[in-house]
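In case you want the letters, here they are:
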Amino acid sequence: MKKRRSSTDNKDDTSKQKKSRIGGQKQKKPCVLEEDDSVFGQLLRAAGVSLRQGSMPNEIAVDQTVFQMRLRKGLRKHPRYPNIVQEFITGLESYMEDQEKFKNCLLPCALLSAEGESSAVNSYQESLIKLLLGIEMLQSPVINTLFEKLPEFMFEGAGEEGLNIPRIIINQFKWLDRVTDSKDLASKLMQLVAVAPVEIQRDIITSLPEILEDTQHNDIAKELNSLLQKNTQLTVPILDALSSLNLSSDLLAEVRQAVMATLSAVELEDLPVVVKFILHAISGAEAVEVVSDLRKKLELESCVLPPPLQASQSRAKSRGKGGSSLNSAASSSQDCVSLVLDAIKSAVRFQKAISEAWIKAIENIDSVAEHKVIDLLVLFILHTTNSNHSRRGAERVLRNKVRGGHIRESLLQAAFRGHTTVIRAYFPSIISLAQSLLRSPDPSVVTFGSQMYKHAFTSFDPYCQQEVVGSLVTHVCSGYAGEVDVSLEVLSELVTQSPADMALYAVFVKGILDYMDNLTPSQIRKLFYILSTLAFSRGTEGSHIQDDMHIVIRKQLSSTVSKYKRIGIIGAVMVVGSMGTRRSKPEGVSSEAVPLPKETYRQVTALLGLVRSCSECSPEAAALYYDELANLVQTGDLDPQVHEWIGISVLEDFQEDFVVDLGPEIKGTFPLPAKAMYNLDEEESQGGIAINLLPLLAEDLQKGAQLSRPAQGDKRRVSPLCLGSFFRLLRLCQEEQNQGDLVEIDALLGCPLIVTDLDVVEKMDCLSKPEKEFLCTLLFHAINWIREVVNAFCRQQDPEMKSKVMIRLQNITYLQSVLERCLAATPAYAPPLANFDCETAEGAVPASAAPPAKKEKKGRAGQKRKVDKNSSGDSSQLEEGAEAEESQQEKESPEKEKEKEEGKAGVSLVSYRPYFRELDIDVLSVLQCGLLTRSLLDSEDHTKVSEVVQLGPSELVFLLEDLSRKLEFSLAASNAKRMPFLKVKADKNVGFSHLQQKSPSEIASCCIQLLPALCNHLENTHNFFQVLLLENNGVVDAPGVDMKEYQLMSTCYQLLLHILLTTFSWSGFSQHENRKLLKSALAILAGRLKEKENEVDLGMEELVRQSFGYLLNFHSTIPGCSPALSLTQLLIVVADQGPDSQYREKIASLSRGFLCQEWILPSGEREKGNKHNEMLQSLLSIYLEHTDDVLKAIEEIAGVGFPELISTTKDGCSRTFPTLTRQTFLVFYRVVMGVLEKSVRRIAAGKQMDSSEAQSEKLLTWNLAVRDFHILVNLVKVFDSRPVLGVCLRYGRLFVEAFLKLAMPLLDYSFKKHKEDVQSLLKTFQQSTRQLHYMCGHTKIRQDTGLTNHVPLLKKTLEQFVYRVKAMLILNNCQEAFWVGNLKNRNLKGEEILSQQTEDSEKGEDDEASQLPEEESEREDEDNEDKSDSEVRNGVREEEEVEEDEEESTDDSD
């Protein structure tokens, strides 16, 4: 017992110390009792409470419940009851007049132990006031007393002891077991709120849920809602209180709406509470609407410091303490954003409806401008939650939005730039999403994923950086070409932008060396660039990587396998680029470069010597070495010593290997007679130089045959394969040494080539197969030599050189036409390689080259037109394209026979593009040249004969095709390019290796510099066709038209428009840094109008207006459907830069004009074929998308165009729409049906609260749509081909579904007011559904699985329609108009399907009667005919006799 007591005593001591903080008492006994002889004091003492003086807490000797019971009993049994109650309250009031005593009454009592000491060992003791409030007869007067007392302390802050008296008084009302007059208490509290200071107001409001009973919650919520509108300072406490109140759903929605209205004015620090309340207790039905409204009004962009302040903040951070205020402002705003996102995260995690609503709200945004940073952040949140559904949903929405171009990189940049600390919390989701996006087949999605990686690396801490690098390395090692390319590109950019940060993770990147077998040469080049930059840019820090790289490179160079030798060559040259780079002195020392250290110079030269010795025995390896070294000279900033070493032997070796003195005779025996051709320096015909092509080729073929038999020799082998590569290296070295001047090698521009007389082409049939192949190889080498010559001299400013370059272009186009004919006569020929950094197998035959008879090319004249079609870029596949082809094969067979006959003249070089040397983008500057004069004789002859040289149509087409391909590769809209599901053997990057060294913005800038020249050519082409039309009175196929010239100019027109379209469609123009570039491009187009002579800096809107007007002027001379589509798309792209509404009408009018134009070729035939159909589909889609009234436009096509076509002959066309023929009917039908279905889905669903006018307007719209649908469905009776049936079944079901979802609610509410309109609508629609029934029966007879797949879903939808009409009748008390009927199965022509006829059905037909309103009774006989006996079941009909037939399987169940 003693031990226990001592233990208790110790606890008592401890508890006293704790209690002293509340009551302020430390002494054991010196507590002075308050001698109060009043009724108040006596009753309290009798009940068990002793009042104390000073700062000592009042003591209670009994349990709290016992005290209340004793006091209640003492009051009730007192002789003066009930007056004693008032006396007791009077005593309490007089006692509390002393502030110290009042505080004691508000503070917890101390429990008096058996020994007479105050103790707090047992449970917490309430204050005297709280105990008195628990006694019902005392509660109201005590409350009144407290409310009278509270104003005395209202404007006092916390006292010396830290006590806030008003707050303690309010706390007395919390958690009372029972409130006798809750309404009165609520009223008093709200009155107090009206006059109290803000701090007390907050205390009262936040305490309301703990004070009031549930019956008062709705009333108090209304008062709080009105208070919220008046005082925004109380937003947080009011919303806290409202969140805890038990409110009705209607009141909660009303309050939420009021809060939403004030959202934009809420203080930043209050925003998290507001968002939390708005997302509080949302039902599934209203979730999407609430979340969409919240998303619209939540402006997180306003929480970010402006860019100038951000810059000053970063400077302040670097200086230290100076920016503390800015830092605190930024951090507080980010804290608030973080809390907002936490509120959203909490709501999303615990309420599935909110999660789905956020996904739906973001999905519903269809404009780039409407998307906000909050969309990205919420998608990250949804992906973070554990629910698989929300993770998949977030990933799907993000992918679709990026693919559609709605969420762009600028939004991602804004999110990372403004909310770095907030986004850091979602890093795992960011990495996971980036990984998923990078594996997408869509390049736009892949690019977005790569941007996520880059921003994550540059914005986050080292741990995140390590994870980013590790993830990218995993992508590189995955083996999928798309992932590898993008990942290496990201790593390359990170190494360039943040070399110090990336150096920490070099060991991760080094691991990729073990996976090089799966990498392409371009990928290997990027990898070695990354590794060599990390290894050699930071001195000795990367020595461990340097050793590994040297080992790998030497091992690969010594390999006899060409694949591994190629890796070694590329790696060695990239290492040379990093080791031998020019070094500059620190700032302020000197502008001169620091010389390369001797040891480094020795290592560089030794490595170059090793590569040269390892590659000289293989022409392909040597050519690759020259090409890689040339790229390094051109792009790398090499040290002058290294440049000099490279350039020492290049000139001598080239002269020795490839250049010979031109004598009167060429000695030697060759497969074909040798002759010097294409000499531009006629005055030096004797004693000049020539390129020794044919003899070298003959010698190389002999050596190659010899080397293939015995073991490989070590002797250096001179091959024409190296000619282009070697000359490129020579030219670049000369440019570097002479500051761009090529005067030392200018003789190579005009010198002849030793080839053969091309008259031999006429005798191709007489040549043997080796001779034919030799001639083809000779022509390839000759063309590639001239292409490299043009590359070299295109930038020279001397007029004489410019004219020679122009003539060399003419040589190329002529030689290409000769080569086409030679290739046609040489099947299964494998061209020599020209690009050596690709995976193309040596000796491979181009896929489309054999057999040549199947090529769809038409000789020299027709070839350009075919190239035009190929150069128009990738086009989307039609859904039923295969079916359309199948239906038109028979009609096109005569044309194919004709093409086969004409194809014997030559094959297209499109499939041979990888075997030509790449043209530099600088060559396109030739487009800017006008007329050039060239002297034919030397001035010493004292004669001045000159020749005018200009760009002809063939040369123009050649250059424009090249430019178009380059832009397609670099700038093409990512939506048009998709990675193939299966890996294609052909490397699409072949022929673009030089172009890949330039960024898309540089390519766009080059193209904009060419824009004035392109506009000149466009105007000249326009003038050509204008004059042609004027001369021939608008007749294209007039007798005097030159077919070849017409086709070339038409191709030019198409290419020019396509180039402008590709340029202005570049997605990079949406980025802020490229807006100036876009503005300059539009200024060039606007300047062509010459509206204003004075140069004024016009705004973007005015530039768009003038550019649109300039381009619109070309529509009158468009020669074909392909340029018409390009012009229309170009105008749309330009119009998108300005207010869209201004140009929609013009674009619709233009596209309609093109549809109403008959496209006739000079041969007199109408344009046709799959390409033509695709272009018509695009034009028609554009027209219907931009027209003001889609339904009227569809009605014109369906009600005017199609009937006109039906009434014409087999080869005829519609008069209104000449492009509508029987061959193009499917295209028109598919587009019109699809657009009709989409347009009705945009009609708002009917609501009960709609006005009568609104209902009438919607009914009118639906009437028009149903009428169009009826016409289109009935066209199947005439055009009953399989593709047409498929389109009708598919879109028919979708239309009926839209009708059920959107039109039937409208009919429910408007049936009584607009009965006739509803009847008319359903009558027309019933005729369409009947035809759909007939189509279902027809497909069953045909037994075509492709069509019958549509039938079950369609019949289900039609059955739903019947029962939905029944529900509408019951809703409007018209169920007696509902009738059961029997239906017959019929075919498309309405004939009964006899195989299913039964006697029972005939009887059923006689017994049928219709219950119709009087105005429709005349249709009874017609409808009786349509009742089916085939499948006897419940058909349901109302006024319009809506009918339904089900499948046979339902007979048994019925």
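Analysis parameters
- Residues numbered from 1 in each chain as written.
- Predicted model: local features only at pLDDT ≥ 70, side-chain atom pairs only at ≥ 80, totals over all residues.
- Heavy atoms only, no water.
- Helix = DSSP H or I, 4+ residues; strand = E, 2+ residues; numbered from the N terminus.
- Buried < 20%, exposed > 50% of the residue type's maximum accessible area, 1.4 Å probe, protein only.
- Contact = heavy atoms within 4.5 Å.
- Areas by Shrake-Rupley, 256 points an atom, 1.4 Å probe, with all protein chains shown as cover.
- Core = buried A, V, L, I, M, F, W, Y, C linked by side-chain atoms within 4.5 Å.
- Axes fitted to C-alpha atoms, helices over the stretch in contact; angles between N-to-C directions.
- Parallel < 35°, antiparallel > 145°, perpendicular 65-115°, else oblique.
- Nonpolar A, V, L, I, M, F, W, Y, C, P; charged D, E, K, R; others polar.
- Expected span 1.5 Å × (residues − 1).
- Arc of directions from axis to C-beta.
- Pairing = 2+ DSSP bridges.
- Salt bridge = Lys/Arg side-chain N within 4 Å of Asp/Glu carboxyl O.
- Phe/Tyr/Trp six-rings, centres within 6.5 Å; stacked < 30°, edge-to-face > 60°.
- Disulfide = S-S within 2.5 Å.
- pLDDT = per-residue confidence, 0-100.

Draft legend 1. The arrangement of the overall build of the protein in detail. Broken down by element type, the protein carries 60 helices and 14 strands. Counting over 1454 residues, the protein shows a buried share of 53%. Look at the contacts in the protein between residues 6 or more apart in sequence, and 74% of them connect residues 24 or more apart. For the protein, the computed accessible surface area is about 65900 Å², with 49% contributed by carbon and sulfur atoms.

Draft legend 2. Representation of the side chain of lysine 174 in the model. Relative to the helices and strands, lysine 174 resides in the loop between helix H8 (165–171) and helix H9 (182–195). When residues no more than four places from it in sequence are discounted, the contact partners of lysine 174 are Lys130, Ser207, Glu210 and Ile211.

Draft legend 3. Region of interest: the nonpolar core. With 430 residues, the main nonpolar core has Leu71, Leu138, Ile344, Tyr1229, Trp1262 and Phe1299 as its most contacted residues. Per-element accounting of this core gives the leading share, 17 residues, to helix H54 (residues 1282–1310). Other than its neighbours up to four places away in sequence, leucine 71 contacts Leu43, Leu44, Ala47, Phe88, Leu132, Ile135 and Leu138.

Draft legend 4. Just unusual backbone geometry, in detail. The step from tyrosine 81 to proline 82 runs through a cis peptide bond, and the omega angle for that step is 10°. Secondary-structure assignment places proline 82 in the loop between helix H3 (64–76) and helix H4 (83–95). Unusually for a residue other than glycine, tyrosine 678 sits at a positive phi of about 60°. Looking at the element boundaries, tyrosine 678 is found in the loop between strand S8 (674–677) and strand S9 (689–691). For alanine 828, which is not glycine, the phi dihedral falls at a positive 60°. Within the element layout of this structure, alanine 828 appears in the loop between helix H39 (799–824) and helix H40 (859–870).

Draft legend 5. Up close: the packing of helix H10 (residues 198–211) against helix H12 (residues 235–244). It is at 7 Å that the axes of H10 and H12 come closest, and there the two elements cross at 10°. Regarding the angle of H10 to H12, the classification is roughly parallel. In this structure, H10 uses Arg202, Ile205, Thr206 and Pro209 to contact H12, whose residues at the interface are Pro237, Ile238, Ala241 and Ser244. Class assignment for the residues of the contact of H10 with H12 results in five nonpolar, two polar and one charged.

Draft legend 6. Representation of the environment of arginine 1230 in the model. If you trace the backbone, arginine 1230 turns up in helix H52 (residues 1225–1241). Along the primary structure arginine 1230 and glutamine 1177 are separated by 53 residues, whereas in three dimensions their C-alpha atoms are 8.6 Å apart.

Draft legend 7. View of the environment of serine 1252. Assignment of secondary structure puts serine 1252 in helix H53 (residues 1252–1274). When the C-alpha atoms of serine 1252 and tyrosine 1309 are compared, they prove to be 9.9 Å apart, with 57 residues separating the residues in sequence.

Draft legend 8. H4, seen in detail. Helix length check: H4 (13 residues) gives 19 Å between terminal C-alpha atoms against 18 Å at 1.5 Å per residue, within 8%. Along H4, the residues that are buried comprise Ile84, Val85, Phe88, Ile89, Gly91, Leu92 and Tyr95. The arc that holds the buried residues of H4, viewed along the axis, is 155°, so those residues lie on one side.

Draft legend 9. Region of the structure containing helix H26 (residues 481–497). Taking 1.5 Å of rise per residue, 17 residues should cover 24 Å, and H26 covers 24 Å from first to last C-alpha, within 8% of that figure. Looking at the packing, one finds that the buried side of H26 touches helix H23 (427–438), helix H24 (443–459), helix H25 (462–476), helix H27 (499–503) and helix H29 (521–536).

Draft legend 10. Inspection of the pairing of strand S10 (residues 753–756) at higher detail. In S10, alternate side chains face the same way, and those of Leu753 and Val755 on one face and Ile754 and Thr756 on the other are all buried. The sheet contact formed by S8 and S10 spans four bridges and is antiparallel. Residue alanine 674 lies in a different strand from S10, and its bridge partner there is threonine 756.

Draft legend 11. Examining the pattern of salt bridges more closely. The final tally for this structure, using the stated rule, is 44 salt bridges. As a salt-bridge pair, lysine 966 and aspartate 962 come within 2.7 Å of each other at their nearest N and O atoms. Of the two residues, lysine 966 and aspartate 962 are both situated in helix H42 (residues 953–971); the distance of four residues between them amounts to about one turn of the helix. Notably, a salt bridge pairs arginine 1267 with glutamate 1195, separated by 3.0 Å at the nearest N-O pair. Of the two residues, arginine 1267 sits in helix H53 while glutamate 1195 sits in helix H51 (residues 1190–1206), which places them 72 residues apart along the sequence. Relative accessible area serves as the criterion here: at 38%, arginine 1267 is assigned to the partly exposed category. Judged by relative accessible area, which is 23%, glutamate 1195 ranks as partly exposed. Connected via shared salt-bridge partners are Arg728, Arg731, Glu735, Arg795, Asp920 and Asp922.

Draft legend 12. View of the packing of aromatic side chains. Under the definition given, this model contains 38 aromatic pairs. Note on phenylalanine 40 and tyrosine 95: the rings are 5.7 Å apart at their centroids and 45° apart in plane angle, and the pair reads as tilted. Taken together, the residues phenylalanine 40 in helix H2 (residues 39–47) and tyrosine 95 in helix H4 connect sequence positions 55 residues apart. With relative accessibility at 0%, the residue phenylalanine 40 sits in the buried group. Its relative accessible area of 4% is what places tyrosine 95 among the buried residues. A centroid spacing of 6.0 Å and a plane angle of 70° characterise the contact between phenylalanine 1299 and phenylalanine 1361, whose relative ring orientation is edge-to-face. One end of the pair, phenylalanine 1299, is in helix H54; the other, phenylalanine 1361, is in helix H57 (residues 1351–1371), and 62 residues separate them in sequence.

Draft legend 13. Fine view of the state of the cysteines. Tallying each qualifying case throughout the model produces zero disulfides. With no disulfide of its own, cysteine 105 lies 8.2 Å from the sulfur of cysteine 109, the closest cysteine sulfur.

Draft legend 14. Region of the structure containing the confidence of the model for the protein. Within the protein, residue pLDDT values average 78, and 79% of them lie at 70 or more. The low-confidence segment residues 1–31 (pLDDT under 50) makes 30 contacts with residues lying over four places distant or belonging to another chain.

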